[in-house]
Amino acid sequence: MTKDQFPSVPAIRTASSDLDDPVAAIEAVMARLDPPSLTGMMLFCSSRYDLDRVAAAIAERSQWLTVIGCTSSGEIAPQGMVEGTITAIGFPAANFTMRALRFDDLDRFDPVSAQQVVRELVAETADTAQRCGHDRGRAAIFLVDGLSHREEMLTVTVQDALGDIPLIGGSSGDGLDFKQTFVFHDGAFRRDAALLAVLCSRRPMHVFRSQHYAPGGVRMVVTGANPDQRIVTEINAEPAAAEYARLIGVGAHELTPELFALHPPMVRAGGEYYCRSIQSANPDGSLTFYGAIDEGIVLTLGEVRNVLAGLRELFDRLDHQVGGLDSVIGFDCVLNSVALTTQQIRHDVSALFAERRVVGFNTYGEQFHALHVNQSFSGIVIGA
C-alpha cells in the first residue's frame, strides 16, 4: 500500500513539539489534538524538559480527559524518529473510549489486589466493547517506570487479570542516562509506578511484536548473577564483561551501547528467541541487563537481520491482518535506535515510520502479552 492510499483522516490524532519552553510545547501539541473532542490522550516526553512545568501545563488544559504518558529515550513523531520533543496521541471520542488506573509503590506491589482492580476495569469496559461490534475492539496499554525492575512480575499479573484483552506497552526512559524515569497520570509525573489503560475502539486493533535479530551460533551460560538488580557477574565462569567482550571480538574496555545493540544476548522460551539486552558494563566487571536474568540461563548471541526489509514485511502483514492499516502506536527499544544510527539506516527507518503513520517512543523495554522483552519493535496497529 502506498502513502496516497492511506485514509485521509487517521483514526488517532498525533502531534509533536520541540519548543524549548515546556508550556509553549504543550500548547502547540494541544492545539493540534483538539482536546474537547478526545476521550483520552497519551504523551511521551523527553527528559530534557522541566517535568513539573510540563505536568502543570497538561493538567490545566486537559481536566476532563484521561491522560497517560511517560518520559522517553527518544520519540516517534508524525515526521519520524526524533529526540528532545513532547509527542502525543489523541484518541477521538467518536472512535474510542479509554479508562486508566495506576499502581504505586511497586516495591510493595500486591498481585492479588492488583488483579482485582484490573478485573473491575475490564468489566467496566465490557459494554463498550460489545457496542464496537467486533471481537478486536479492545487492547490494554501498559506503561511502567523503566528503572523499577518490576516489569516481569507486573506484566504476568496484569495480563492474567485482563483475560483475552491483549497487553502491550513500554518502560519509560531518560535517554541513556539511567537516572530517573517517570510515568504520567492524574496531573503528575511519578516514579515507582505503572499505568494500565484499556482502549476500546470501533476500529479493529491488533497488537504485535517484532525484532531485528536472530540467534547466531555463539552460546554462553550465566554462571554468576544478582537477579534482583539484573546484574550478571560471571559468564562461562569468567568475569561477565570480559567474557562477553571476548565472544564479540573486542576488549572489555571497548564495550559501548552501540556494541550491546548490535550483539544482543538472546534467550529461548516457549520455542521462540527473545533479546535479553545489556544496559551497561560496570566498573567491577559485571554487566547490567534491561530484563530479568539469573544463574544457569543459556544465552545465544543475536545477529542483526535486514531491518528495512523486515519492517516493510511487518507493515504489509499488519495491513492484511486489520483489513487496511490506518495508524500504529509503536514501542521501540532505545537500543534499536542506537543500532540504526550505527548501521547508518536511521533516516530510512524514520521515513518508513512516518509513511506508515507510526507514533510512539523509545523504551527501556517492551511489554507484550505476559512478557517483558527487550530490543523489540512492538505496538498496536489500528485498522481503517
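About the criteria used
- Residues numbered from 1 in each chain as written.
- Predicted model: local features only at pLDDT ≥ 70, side-chain atom pairs only at ≥ 80, totals over all residues.
- Heavy atoms only, no water.
- Core = buried A, V, L, I, M, F, W, Y, C linked by side-chain atoms within 4.5 Å.
- Buried < 20%, exposed > 50% of the residue type's maximum accessible area, 1.4 Å probe, protein only.
- Helix = DSSP H or I, 4+ residues; strand = E, 2+ residues; numbered from the N terminus.
- Contact = heavy atoms within 4.5 Å.
- Salt bridge = Lys/Arg side-chain N within 4 Å of Asp/Glu carboxyl O.
- Axes fitted to C-alpha atoms, helices over the stretch in contact; angles between N-to-C directions.
- Parallel < 35°, antiparallel > 145°, perpendicular 65-115°, else oblique.
- Nonpolar A, V, L, I, M, F, W, Y, C, P; charged D, E, K, R; others polar.
- Arc of directions from axis to C-beta.
- Pairing = 2+ DSSP bridges.

A.B. asks: Explain the nonpolar core to me, please; I cannot follow it from the model alone.
C.D. replies: Nonpolar side chains tend to gather and get buried jointly when the protein is soluble and globular. Of all hydrophobic cores here, the largest spans 28 residues; its most connected members are Met 42, Phe 91, Leu 143, Ile 329 and Ile 380. In terms of residue count, strand E12 (residues 193-201) provides more of this core than any other element does, four residues in total. When neighbours within four sequence positions are excluded, Met 42 is seen to be in contact with Ile 68, Thr 87, Ala 88, Ile 89, Phe 91, Ile 141, Leu 143 and Ile 329.

A.B. asks: Explain the pattern of salt bridges here, please?
C.D. replies: A side chain with one charge can pair with a side chain of the opposite charge if their charged atoms come near. Across all of its chains, the model carries 16 salt bridges by this definition. Here Glu 83 ties to Arg 346 by a salt bridge, and the two come within 3.9 Å at their closest N and O atoms. Highlighted residues: Glu 83 in the loop between strand E5 (80-82) and strand E6 (86-92) and Arg 346 in helix H9 (residues 346-355), separated in sequence by 263 residues. Using a relative accessible area of 19% as the deciding quantity, one classes Arg 346 as buried. Of the charged contacts, one joins Glu 151 and Arg 230 as a salt bridge, the two residues approaching to 2.6 Å between their closest N and O atoms. Taken together, the residues Glu 151 in helix H4 (residues 151-162) and Arg 230 in the loop between strand E14 (213-226) and strand E15 (231-235) connect sequence positions 79 residues apart. Judged by relative accessible area, Glu 151 falls into the buried class, the value being 0%.

A.B. asks: What is the right way to read the side chain of Thr 300 from this model?
C.D. replies: Inspection of the secondary structure puts Thr 300 in strand E21 (residues 298-304). Thr 300 gets classed as buried once you look at its relative accessible area, which sits at 4%.

A.B. asks: Looking at this structure, I do not really get the packing of helix H7 (residues 307-321) against H9. What am I missing?
C.D. replies: Between two packed helices, what matters for the description is the angle formed by their axes and the separation of those axes. Between H7 and H9, the least distance of the axes is 10 Å, while the angle of their chain directions is 10°. In terms of their interaxial angle, H7 and H9 are classed as roughly parallel. The residues of H9 that touch H7, namely those facing Val 307, Leu 308, Leu 311, Arg 312 and Phe 315, are Asp 348, Val 349, Leu 352 and Phe 353. Each residue belonging to the contact of H7 with H9 can be placed in one class, and the counts come to seven nonpolar, no polar and two charged.

A.B. asks: Whenever I open this one, H9 confuses me. Can you help?
C.D. replies: Residues three or four positions apart in an α-helix share a direction because the helix packs 3.6 residues into each turn. If you check which residues of H9 are buried, you get Arg 346, Val 349, Ser 350, Leu 352 and Phe 353. For H9, the arc enclosing every buried residue in end-on projection is 160°, short of the 170-degree limit, so these residues lie on one face. Within two residues after H9, Arg 357 carries a phi angle of roughly 60°, on the positive side.

A.B. asks: Can you walk me through the sheet that holds strand E13 (residues 205-211) in this structure?
C.D. replies: Taken in spatial order, the six strands line up as E5-E4-E23-E22-E26-E13 in an open sheet, and their pairing is mixed. Only two strands of the sheet have a single neighbouring strand rather than two, namely E5 and E13. Taken pair by pair, the neighbouring strands of this sheet meet at an average axis angle of 20°, ignoring direction. Pairing of strand E4 (residues 75-77) with E5, which is carried by three bridges, proceeds in the antiparallel orientation. Note that in E5 the partner of Ile 76 across the bridge is Met 81. Along the sheet, H7 contacts E13, strand E22 (325-333), strand E23 (358-363) and strand E26 (376-383); its crossing angle with E13, the most-contacted strand, is approximately 160°. Of the strands in this sheet, E4, E5, E22, E23 and E26 touch H9, which is tilted by about 125° from E5.

A.B. asks: In this structure, what is going on with the sheet that holds E6? I would like to understand it.
C.D. replies: Backbone hydrogen bonds hold the strands of a sheet together, and the pairing may be parallel or antiparallel. The sheet built from six strands is open, its strands ordered E1-E6-E2-E3-E10-E11 with mixed pairing. If you trace the sheet from one side to the other, it starts and ends with strand E1 (13-17) and strand E11 (188-190), each paired once. Direction aside, the axes of adjacent strands within the sheet are offset by 20° on average. As defined by bridge partners, strand E2 (residues 38-46) adjoins strand E3 (residues 66-72) across seven bridges and the pair is classed as parallel. Residue pairing across strands places Cys 45 opposite Thr 71, the latter belonging to E3. Packed onto the sheet, helix H1 (residues 22-33) meets E1, E2 and E6 and runs at close to 160° relative to E1.

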